[in-house]
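In case you want the letters, here they are:
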Amino acid sequence: MRRSLALLAAALLAGALAVPTASAADGDEGFTIRDPRITESSGLAASRLHPGVYWTHNDSDDGAYLYAVDSATGETVATLTLTGVGRPRDVEAISIGPGDQIYVGDIGDNLGGTWDHVWIYQLPEPEELRDQTVRATQYVVQYSDGARDAESLVVHPKTGRVYIIDKKEQGGHLYEGPAELSASGTNVFKPVAPVADLEATDAAFSPDGEQLVIRSYFGSLAYDWNGGRIKRTGRLGVPSLGQGESVTYTADGTKVMFGNEGAQSSVEPLDAPGASSASSTSPSADGSPASEEKENGGFSAGTGAIAVVVACALLLGLRRLRRRG
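Rules used throughout
- Each chain has its residues counted from 1, running along the sequence as written.
- Whole-chain, interface and lining totals are the exception, using all residues; otherwise, since this is a predicted model, local features are given only for residues with pLDDT of at least 70 and side-chain atom pairs are given and counted only at 80 or more.
- Note that the side-chain values use all heavy atoms of the structure and ignore hydrogens as well as water.
- Only runs of H or I of at least four residues qualify as helices and only runs of E of at least two qualify as strands under DSSP, and these elements are numbered from the N terminus.
- Exposed residues in this analysis have more than 50% of their type's maximum accessible area, buried residues have under 20%, and partly exposed residues fall in between, with area computed by a 1.4 Å probe over protein chains only.
- Here a residue-residue contact requires only that any non-hydrogen atoms of the pair lie within 4.5 Å.
- Whenever a nitrogen or oxygen atom comes within 3.5 Å of another N or O atom, the pair is scored as a polar contact, on the condition that within protein one atom can donate a hydrogen and the other can accept it, and that pairs from neighbouring residues in sequence are kept only if both atoms are in side chains.
- Think of it this way: a Phe, Tyr or Trp ring, Trp meaning its six-membered ring, pairs with another when their centres are within 6.5 Å, and the plane angle makes it stacked under 30 degrees, edge-to-face over 60, tilted otherwise.
- pLDDT gives the predictor's per-residue confidence on a scale running from 0 to 100.
- Note on pairing: DSSP must find at least two bridges between two strands before they are called paired.
- Between the N-to-C directions of two axes lies an angle of 0 to 180 degrees, each axis being a line fitted to C-alpha atoms and, for a helix, fitted only over the stretch in contact.
- Residues belong to a common nonpolar core when they are buried Ala, Val, Leu, Ile, Met, Phe, Trp, Tyr or Cys residues joined through side-chain atoms within 4.5 Å.

Remarks on the environment of H156
At step 1: Structurally, H156 is set in the loop between strand 11 (150-155) and strand 12 (162-166).
At step 2: The class of H156 is buried, set by a relative accessible area of 7%.
At step 3: Once the C-alpha coordinates of H156 and P98 are considered, the two residues, 58 residues apart in sequence, prove to be 7.9 Å apart.
At step 4: Ignoring sequence-local partners within four residues, the contact set of H156 consists of P98, R161, Y163, F205, G209 and W225.
At step 5: Separated by 3.1 Å, the side chain of H156 and the backbone nitrogen of K158 make a polar contact.

Details of the packing of aromatic side chains
At step 1: Counted by the stated rule, this structure contains six aromatic pairs.
At step 2: Both rings, one in F205 and one in W225, keep their centres 4.8 Å apart while their planes meet at 85°; by these two values the pair is edge-to-face. In this pair, F205 sits in strand 15 (residues 202-205) while W225 sits in the loop between strand 17 (220-224) and strand 18 (231-236), placing the two residues 20 residues apart along the sequence. Here the two residues F205 and W225 agree in accessibility, since each one is buried.

Considerations on the environment of K158
At step 1: With respect to the helices and strands, K158 occurs in the loop between strand 11 and strand 12.
At step 2: For the pair K158 and P207, spaced 49 residues apart in sequence, the C-alpha to C-alpha distance is 8.7 Å.
At step 3: Once you skip the residues sitting within four places of it in the chain, K158 turns out to touch P98, P207 and D208.

Some thoughts on the confidence of the model for the chain
At step 1: Considering every residue of the chain, the mean pLDDT works out to 81; 75% of them sit at 70 or more.
At step 2: The low-confidence segment residues 1-28 (pLDDT under 50) makes 61 contacts with residues lying over four places distant or belonging to another chain.
At step 3: The low-confidence segment residues 277-325 (pLDDT under 50) makes 76 contacts with residues lying over four places distant or belonging to another chain.

Considerations on unusual backbone geometry
At step 1: Even without glycine at this site, D197 takes up a positive phi of about 60°.
At step 2: By the secondary structure assignment, D197 is in the loop between strand 14 (186-196) and strand 15.

Things to note about the sheet that holds strand 19 (residues 244-249)
At step 1: Spatial ordering of the open sheet is given by 1-21-20-19, a layout of four strands whose pairing is antiparallel. Pairing within the sheet leaves two strands with one partner each, and these edge strands are strand 1 (31-32) and strand 19.
At step 2: Where strand 20 (residues 255-260) lies against strand 21 (residues 266-271), five bridges are found, and the strand directions are antiparallel. If you follow F258 over to strand 21, its bridge partner there is E268.

Quick notes on the side chain of K167
At step 1: Mapped onto the fold, K167 is located in the loop between strand 12 and strand 13 (171-176).
At step 2: Its relative accessible area of 10% is what places K167 among the buried residues.
At step 3: Reaching out from K167, the side chain makes a polar contact with the side chain of E151 at a distance of 2.9 Å.

A few points about the sheet that holds strand 8 (residues 118-124)
At step 1: Taken in spatial order, the eight strands line up as 6-7-8-10-14-13-12-11 in an open sheet, and their pairing is mixed. Each edge of the open sheet carries a strand with a single partner, namely strand 6 (93-97) and strand 11. Averaged over all neighbouring strand pairs, the angle between strand axes comes to 30°, with direction disregarded.
At step 2: Pairing analysis gives six bridges linking strand 13 to strand 14, with the strands arranged antiparallel. Across the sheet, residue E176 finds its bridge partner in strand 14, namely K190.

Some details on the nonpolar core
At step 1: Judged by nonpolar contacts, the single largest core of 20 residues is most densely connected at W55, L66, I102, V104 and L123.
At step 2: Of all elements in the fold, only strand 3 (53-57), strand 4 (65-70), strand 5 (76-83), strand 6, strand 7 (101-106) and strand 8 reach the threshold of two or more residues within this core.
At step 3: Not counting residues up to four positions away in its chain, the partners in contact with I102 are W55, L66, I94, S95, I96, Y121, Q122, L123 and E125.

Here it is as structure tokens:
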């Protein structure tokens, strides 16, 4: 019931807010995740060692597994079983940092922020794509201002510093971890910048670390990293329908890939911010983002507005169901 409401709301609002001018010229770079084991893909990361391969994982109730998916076929070409970690609770994000290190964020908390700690797992990306068992390092994470729900974890590709974005209806904050994570103590993450107008479900750094994209169920925002003092540069759409949960840059930085939860879920591209003149992420003359109408591809009243109202109503019902659950 809850998933059906989310999917219907996503379809209605994504149809109203999609930005066709920012889509790739064709769908050749999109793919479908065909592995029947992957029904809740909630994180996505482009491999650094294996061109065209994307790492993903299920949300919960799956175990400590990572899947390498070949974008040319949509088939899983390797399954990693992680050891050295406890049973995951709510795995929501995956990111690749310097030295081809994979970071997995077991950071979700659907109970509204009741767990006093969450976990991050770190492991080397394997040089050979085959089913194998890999030992990971587990880090305990707490927030300086109390427990919270989060679905977005990113690792800066140059510094290796880890960041988390919490998930709130009115927008949350970017949280910065210690310069180096410790496996022997608690790693305290502190808020360093607000992220407004977005209920973040995932985020991704560009390969050069200069851009940050944060997505929600129905849209996404582009930021200049600006040394960690993030500056919003515009609003992107999302090219696919469904419960939007994941985002990553392609390895060459030219596209941003958006994924969804669900069986046989799709992963679809948009031009990366600044990669195309058709992109609508340019700021206005006063330095603020372009108008909502321009950023949303000319969204106006009428059928689009009706879709927004209906989708919001469905989301409200979904959140009430989650609270009761």
